[in-house]
Structure formats: structure tokens, C-alpha cells
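# Survey of secondary and tertiary structure
Each chain, letter by letter, is given below.
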Amino acid sequence: MKYLLATILLFTLGACGLHQPVENTATAPAAKTTTEQHPPTQTDLSGMQPDFLYLAAQKAAREGNRELALQLLTALIAKQPNAITPHMQLIDLLMESGRIDEAEQHIARMLSNKALPAEQREQLQLAQYRIYIAHDQPQLALEKLNTFLQKHPAHDTARTMQASILAGLGRMDEALASIKLGIKQHESAGLRMLQARLLIKRGDLKRAKASLLRVQHLMPDNDAAVLMLSALAAQMKDHEQAEKLLRDFLANHPQDIRVSHALAKLLVAQARLPEAIIVYRNAAKHAGDSPVVLRPLGMLYFQDKDYEQAVQTFRTLVKLQPDDSNRFYLAASLEAMDKLDEAKSIYTKITHASKMYTQAQIRLAAMDLQENKLSKAKARMLAILHEKPQQLDAHLLLSTIRLNSKEYKQVLDETEPLLRLKKLPPQLLFNRAVAFEHFKNYDQVETTLNRVLEHSPNYTEALNFLGYTYADQGIKLDRAKVLILRALHLKPNDGYYLDSLAWVYYKTGDYKQAAETQAKAIKLIADDSVMHEHYGDILWRSGNTQAAQQAWRKALELKSDHPRLIEKKISKGLPPVDR
């Protein structure tokens with residue numbers, strides 16, 4: 001068996017998480033706008049019209065700029081003090097920002113206005129009850145809500161709040177009873193939805209489904225019910241129904257991004273990537289060039305190895321949303337197409353302050369490794385690990401670089417502290433096994449590879465390596481054969497695995513089978529000196545001495561690591577087998 005560290009152990013793009021194509025991009029950060037970068041001052045705000053202030057506040061809130069939204073709403077309230085909506089939004093933002101006391105003071109000021117209309121007073125009272133919950137006073141909130149609901153038994157918001165508090169306190173029967181009473185007063189989609197969630201939490205899926213069907217009846221164009229119904233079907237292992245529900249909804253609502261996401265995720269889980277791609281293509285037709293759709297579409301193209309389409313998609317994304325995350329995946333797609341210069345240029349522009357910096361440096365180091373720039377690659381990973389000692393991707397790549405540099409002791413020393421972690425990348429453990437094999441510490445090779453196979457039973461390199469290790473020592477040959485045959489079942493016609501299998505036959509004395517297997521291996525990989533040396537050994541034992549000498553000469557021609565031993569074999573052959 002031969003270890004080609006530059007290929008077998010090469011840190012691949014998959015290690016960067018690019019194999020996960022569908023992610024929740026519904027809340028992906030938007031590109032920074034001029035408003036975000038240069039918030040207007042209070043003087044600027046005073047001259048703005050109320051309509052502009054309101055729209056600007058909504059935009060700032062959507063983009064997560066709460067401080068700017070608070071400033072804009074405060075300015076709007078100063079101009080229109082009697083408008084309840086800005087007041088309620090201000091209270092919500094203050095609470096979301098953890099500024100509970102300020103929210104409470106604002107509510108108290110509003111409630112002190114005796115001329116306040118009844119509907120607005122009710123809204124503020126409910127906001128006050130939320131303050132009680134924020135202050136960890138759920139019992140007080142419940143008391144107030146009970147009184148409120150005696151006067152307003154059909155008030156959905158109050159009923160929902162009451163049931164949610166009861167459920168949070170573990171009083172599920174009371175919560176469901178409250179919802180049932182509310183539905184009796186006035187059936188609403190909101191109460192039915194909450195009822196379904198609580199029933200799912202309790203494990204009563206049949207009744208939950210009935211509640212969700214009522215939501216669909218009440219609000220046929222709302223996607224929340226169909227998403228939950230589909231999730232329920234999947235939970236009950238009815239994947240066909242889960243898919244049908246989503247497809248039926250999309251047939252009438254092709255613009256619905258959330259349902260498109262859910263359907264694509266379901267298809268990806270079933271390894272149906274081309275169909276998931278079609279789902280996002282259809283979504284893109286109706287949503288236009290939306291980053292929320294294009295990002296997962298690009299990731300799916302990448303996973304499906306359609307790198308040209310991935311590049312095209314991420315180029316569009318970078319124009320629409322020029323953040324480092326989109327730049328990184330554009331570079332990764334270019335790297336997969338071997339457009340290395342452009343990929344490097346993009347990776348290099350990702351600055352140290354970016355959350356993508358570490359992954360960009362890992363990719364650059366992997367490319368350095370491919371170009372045999374080992375010192376440069378090593379320096380990048382050591383710099384990352386100096387700042388992030390537990391960064392496993394960096395440890396994995398550094399161990400691969402160390403193996404290529406034949407720095408076996410450093411591989412073991414640097415990865416030893418990581419062994420206490422419950423979950424390690426299997427390739428990192430594999431690299432440790434390679435280092436142990438160099439020191440002929442076969443017990444540790446066996447222990448380490450068994451740990452790999454315990455968690456990754458189909459890791460073909462580990463199966464082959466362990467099988468060959470047994471064969472090379474002439475021990476556990478039956479298990480060696482089983483391991484290598486399993487690797488070949490998973491990865492048929494691999495020349496190195498056939499070489500290992502031939503060596504098992506050789507060690508058991510089945511020279512005929514060994515010669516046939518090794519001949520197949522050499523047809524697949526003709527330029528490996530170790531494989532020709534093995535072939536020579538097998539042919540010699542088979543009695544074909546001239547062919548054996550020819551195979552050994554080929555091993556010398558291919559720059560064997562131990563030419564003197566090969567020359568000795570050519571001149572004297574192999575010693576007799578000890579029987």
C-alpha cells in the first residue's frame with residue numbers, strides 16, 4: 001500500500017463545510033447601506049417628515065440596526081405623540097434591546113394619559129404584562145391577564161399570552177384549556193397555531209394535525225400551517241406526504257420562499273440534489289435575484305459539482321450582497337474549477353476582521369500545500385492556531401502539512417491534546433495513525449484506526465490502512481482481508497486497495513491469487529515504485545524470477561525509497577520462506 005499524502009490526505013474543500021448546501025438564509029445579513037454606515041444625528045431627524053421617519057425606522061429594524069430604529073421612532077413620536085403604532089414599536093425595540101426599565105417607564109407615561117382611547121390602553125396594558133414576564137414575575141402577569149380576560153374573553157393576544165405563560169410554567173392542561181376557551185369565544189388562526197404547537201410538544205400529533213388543518217381553513221394563503229403539517233408528516237416518517245403538502249402549496253404560491261426552503265431541505269436530506277436545485281430555480285424566477293434564494297442555490301450547485309453554475313450564482317450574489325461570506329463561496333467555487341489565481345485573489349482580500357478569515361486562510365494554505373509551498377502553508381495554520389488553539393480544521397490541515405514535510409513527531413505532539421475531545425475529524429486521527437506507522441508503533445496504529453472506524457465505519461482509507469498494517473506484519477490476516485474487501489466494495493477498482501489485498505494473499509502463501517490481483521492494481525496505477533516492488537516479490541515467490549527482476553528494475557526506475565534493498569533483491573532474490 002502507498003500513502004500519497006498530497007492526494008489521500010489533501011485537505012479538501014469539503015472540510016470547509018461546503019458540503020452543506022441548504023442553510024437558513026432567511027435571516028442572512030444584508031449588505032450595509034449608507035444609512036447604516038452614517039446614522040443621522042438628532043438634528044438631522046428633526047427636519048424629516050413623519051412618513052419618512054416611519055419607513056426608515058421599519059427598514060432599520062428589519063436590518064437589525066435597533067439603535068437607529070429607536071432614534072427614528074423617538075423622533076417620529078415627538079412629531080406625532082398620539083400615534084399608538086410608533087409607541088408600541090418603540091416599546092418592543094426597547095425590550096428586545098434589554099432596556100426593560102426604559103420600556104416600563106414609557107408604558108407608565110402613556111397609561112397616565114386619561115384621555116387615551118380604550119383600544120390603545122388595552123395594548124399598553126398587555127405590553128405592561130410582558131414587562132412583568134421580563135422581570136420574572138409570571139404569576140403577577142397571569143393575575144393581570146385573568147382580570148383582563150374576564151372583561152375581554154375574546155381577546156386573542158391576551159389569551160395567547162396567558163396560554164404561553166402557563167405552558168412555560170409546565171401547566172400544559174391549563175394552557176390548552178385556556179386556548180379551548182378562547183377558540184370557543186372566537187376561533188382564530190393564531191390560537192389554533194398555538195394549540196398545535198403545544199399538542200406537538202405533548203406528543204399528541206393527531207390532534208395537532210387537526211388544529212393545523214383548521215389553520216389552513218382559516219388562512220389558506222398562510223404558509224405556517226403547511227410548514228408544520230409537512231414537518232409533522234416527516235416526523236411520522238411519511239416523507240411522501242411531507243413533500244406533497246409543500247409541492248401543493250407552492251403550486252398555488254410559487255413565490256413563497258419559506259416553503260421553497262423547506263421543500264429543498266427535504267429533497268437534500270434524500271440526496272435528491274437536482275430536484276432541490278429546480279425548486280430554488282423556480283423560487284428565483286418568482287423572487288428575482290434574491291440573496292435568500294441565490295445563496296442556497298449556489299451551495300447546491302457546488303455540492304452537485306456544477307461549479308460553473310455555482311460561480312455564476314455567487315458572482316451575482318457578490319454584486320447584490322458584497323459580503324465576505326459570498327466572496328468566500330465564490331472563491332471556493334473557482335478553486336473547485338482550478339481557477340486558482342482568481343480564487344487566491346478573492347481569498348486574500350478577506351481581512352483579518354472578517355468571520356470568514358480563518359476559513360479563507362485554511363483554503364489558501366491548502367492551495368499552498370498543493371503547490372508544495374509547505375513553509376508558507378505551515379505559517380498560515382500556525383498563525384490561526386495561535387489565535388484559536390481549538391480550531392479543528394486548522395489542526396487537520398497542519399497535521400497534513402506536517403506529514404508532507406515528514407515531521408511525524410510534531411503531528412503526534414500537536415494533536416495529542418485534542419484526543420480528550422469526544423468528536424474529532426476522522427482524517428485527523430488517520431493522520432496520527434500515519435505518524436505512528438512511521439515509528440513502527442503498530443499497537444497505536446491499530447488503536448487509532450479502530451477509533452476512526454468506530455465512528456466512521458465506511459472510511460475506506462482507514463479500512464485499507466488497517467488491513468494493510470495487519471498484512472505487512474503477517475498477523476490477523478483473515479480480518480485484514482475482510483477490511484480491505486470492504487474498502488473495495490465501497491470504492492471498487494482502487495489500485496492501492498488492490499495492492500493491499502494482493503499483499504494479504506502473498507502473506508497467506510496464495511501467490512497465484514496475489515499475482516493476479518497485483519497485476520490488476522498495476523494496470524490502474526503504473527507509476528508507483530512500491531507496487532512494482534510488491535509485484536516483484538510476488539512473482540519471485542511464484543517462481544517467475546525473470547519477471548520478478550524486471551518488476552524490481554521498474555521499481556528502481558520509479559525512484560524507490562530504498563534502492564539498495566531493491567538492488568540486493570535483483571542480484572540475490574528473496575531468502576527462502578521460513579516454514
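Residues numbered from 1 in each chain as written. Predicted model: local features only at pLDDT ≥ 70, side-chain atom pairs only at ≥ 80, totals over all residues. Heavy atoms only, no water.

## Thoughts on the nonpolar core
- Counting residues in hydrophobic clusters, the biggest one holds 82 residues, and the most contacted among them are Leu198 and Tyr347.
- Considering every element that reaches this core, the biggest residue donor is helix 13 (residues 223-235), with eight residues.
- Ignoring sequence-local partners within four residues, the contact set of leucine 198 consists of Ala167, Met172, Ala175, Leu176 and Ile179.
- Membership of the second largest hydrophobic core comes to 57 residues, among which are Leu418, Leu428, Tyr506 and Ala515. (Core = buried A, V, L, I, M, F, W, Y, C linked by side-chain atoms within 4.5 Å. Buried < 20%, exposed > 50% of the residue type's maximum accessible area, 1.4 Å probe, protein only. Helix = DSSP H or I, 4+ residues; strand = E, 2+ residues; numbered from the N terminus. Contact = heavy atoms within 4.5 Å.)

## Structural notes on the side chain of histidine 532
- With respect to the secondary-structure elements, histidine 532 resides in helix 31 (residues 529-541).
- For histidine 532, a relative accessible area of 8% puts it in the buried group.
- In this structure the side chain of histidine 532 is engaged in a polar contact, spanning 3.0 Å, whose partner is the backbone oxygen of alanine 526.
- The residues touching histidine 532, leaving out its near neighbours within four places in the chain, are Ile522, Ala526, Ala551, Trp552, Lys554, Ala555 and Leu558. (Polar contact = N/O pair within 3.5 Å; in protein donor to acceptor, adjacent residues only side chain to side chain.)

## Side note on unusual backbone geometry
- Even without being a glycine, asparagine 372 presents a positive backbone phi close to 65°.
- The residue asparagine 372 is located in the loop between helix 21 (357-370) and helix 22 (374-387) in this model.
- Unusually for a residue other than glycine, lysine 440 sits at a positive phi of about 55°.
- With respect to the element layout, lysine 440 can be found in the loop between helix 25 (426-438) and helix 26 (442-455).

## Quick notes on the confidence of the model for the protein
- Residues at a pLDDT of 70 or more form 92% of the protein, whose mean pLDDT is 90.
- Long-range and interchain partners of residues 2-12, a stretch whose pLDDT sits below 50, account for 34 contacts in this model, where long-range means more than four residues apart.
- Per-residue pLDDT stays below 50 along residues 17-43; that stretch engages in 44 contacts with residues further than four places along the chain or on separate chains. (pLDDT = per-residue confidence, 0-100.)

## Structural notes on the environment of glutamine 216
- Relative to the helices and strands, glutamine 216 resides in helix 12 (residues 205-218).
- By relative accessible area, glutamine 216 is classed as partly exposed at 25%.
- For the pair glutamine 216 and methionine 193, spaced 23 residues apart in the sequence, the C-alpha separation amounts to 9.9 Å.
- Excluding residues that lie within four positions of it along the chain, glutamine 216 makes contacts with Ala225, Val226 and Leu229.

## Quick look at the environment of isoleucine 384
- Relative to the assigned elements, isoleucine 384 resides in helix 22.
- Residue classification places isoleucine 384 among the buried positions, given a relative accessible area of 4%.
- With near-sequence residues (within four places) excluded, isoleucine 384 lies in contact with Tyr357, Thr358, Gln361, Gln391 and Ala394.

## Quick notes on the packing of helix 18 (residues 307-320) against helix 19 (residues 324-336)
- Running from N to C, helix 18 and helix 19 cross one another at 155°; their axes reach a closest spacing of 9 Å. One finds that helix 18 runs roughly antiparallel with respect to helix 19. The two elements helix 18 and helix 19 meet at a crossing, and its hand is left-handed. Of the residues in helix 19, those in contact with Tyr307, Ala310, Val311, Phe314, Arg315, Leu317 and Val318 of helix 18 are Asn326, Arg327, Tyr329, Leu330, Ser333, Leu334 and Ala336.
- In terms of residue class, the contact of helix 18 with helix 19 is made up of 10 nonpolar, two polar and two charged. (Axes fitted to C-alpha atoms, helices over the stretch in contact; angles between N-to-C directions. Parallel < 35°, antiparallel > 145°, perpendicular 65-115°, else oblique. Left-handed = near helix turned anticlockwise from the far one by under 90°. Nonpolar A, V, L, I, M, F, W, Y, C, P; charged D, E, K, R; others polar.)

## Brief notes about the packing of helix 4 (residues 66-79) against helix 5 (residues 84-96)
- Viewed as axis vectors pointing N to C, helix 4 and helix 5 meet at an angle of 150°, and their least axial separation amounts to 10 Å. With respect to helix 5, the axis of helix 4 lies roughly antiparallel. Seen along the crossing, helix 4 lies across helix 5 with a hand that is left-handed. Contacts between helix 4 and helix 5 involve Arg66, Ala69, Leu70, Leu73, Thr74, Leu76 and Ile77 from the first element and Pro86, His87, Gln89, Leu90, Leu93, Leu94 and Glu96 from the second.

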